[in-house]
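The primary structure of each chain is shown beneath.
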Amino acid sequence: MSKKTNTLLFILGATAFNVITTAACFIVLLLLYARFIMPLIPEGGQAWGFPAIFVAAIALSFVIYRAALKQLMKRMDVEKHFDPIFGGRRPPPKDSSKTP
């Protein structure tokens, strides 16, 4: 496979991993909230927990994603297997000694 194909597959896999991690974090935090915190809060204030759980799930999944990506970068040579999607290689610099 080419470097561009490897890069595309990596991005698709990393995106799927991030979405699954976010959903799993949301479910786990929701279960913990329902089991331990919700019984302690009056009924009128329980709804505020859901936006907080959503934001916490995103933050937690970001931390997990960064840690997983850092471990992956340690294990493999990124330059060898992946190619930048945007920009590509830079063109050689123009010769400044020539004047028009």
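Our structure is the block above this text.
Quick caveat: nothing in here was measured; it's all calculated off a predicted structure. (Residues numbered from 1 in each chain as written. Predicted model: local features only at pLDDT ≥ 70, side-chain atom pairs only at ≥ 80, totals over all residues. Heavy atoms only, no water.)

J.: Explanation requested: the environment of Thr7 in the structure shown.
T.: Its place among the elements puts Thr7 in helix H1 (residues 3-37). Look at Thr7 and you get buried, because its relative accessible area is 7%. Setting aside its immediate chain neighbours within four residues, Thr7 contacts Phe82, Asp83 and Ile85. (Helix = DSSP H or I, 4+ residues; strand = E, 2+ residues; numbered from the N terminus. Buried < 20%, exposed > 50% of the residue type's maximum accessible area, 1.4 Å probe, protein only. Contact = heavy atoms within 4.5 Å.)

J.: I tried to follow the packing of H1 against helix H2 (residues 49-75) on my own but got confused; where do I start?
T.: Packed helix pairs are specified by the crossing angle of their axes together with the interaxial distance, meaning the distance between the axes. Close contact between H1 and H2 brings their axes to 8 Å; oriented N to C, the two are set at 140°. The angle between H1 and H2 places the two elements in the oblique class. Crossing handedness for the pair H1 and H2: right-handed. Broken down by class, the residue content of the contact of H1 with H2 amounts to 20 nonpolar, five polar and no charged. (Axes fitted to C-alpha atoms, helices over the stretch in contact; angles between N-to-C directions. Parallel < 35°, antiparallel > 145°, perpendicular 65-115°, else oblique. Left-handed = near helix turned anticlockwise from the far one by under 90°. Nonpolar A, V, L, I, M, F, W, Y, C, P; charged D, E, K, R; others polar.)

J.: Sorry if this is basic, but what is going on with the packing of aromatic side chains here?
T.: We describe a pair of aromatic rings using the distance from one ring centre to the other and the angle between the two ring planes. Counted by the stated rule, this structure contains three aromatic pairs. Considering the side-chain rings of Phe10 and Phe82, the 5.0 Å spacing of their centres and the 40° angle between planes classify their relative orientation as tilted. Here the residue Phe10 occupies a position in helix H1, and Phe82 occupies one in the segment after helix H3 (78-81), the gap between them amounting to 72 residues. What makes Phe10 partly exposed here is its relative accessible area of 25%. For the ring pair Tyr33 and Phe50, a centre distance of 6.0 Å and an interplane angle of 65° mean the geometry is edge-to-face. Linking Tyr33 in helix H1 with Phe50 in helix H2, this pair joins segments that are 17 residues apart in sequence. (Phe/Tyr/Trp six-rings, centres within 6.5 Å; stacked < 30°, edge-to-face > 60°.)

Honestly, it's all geometry; don't read function into it.
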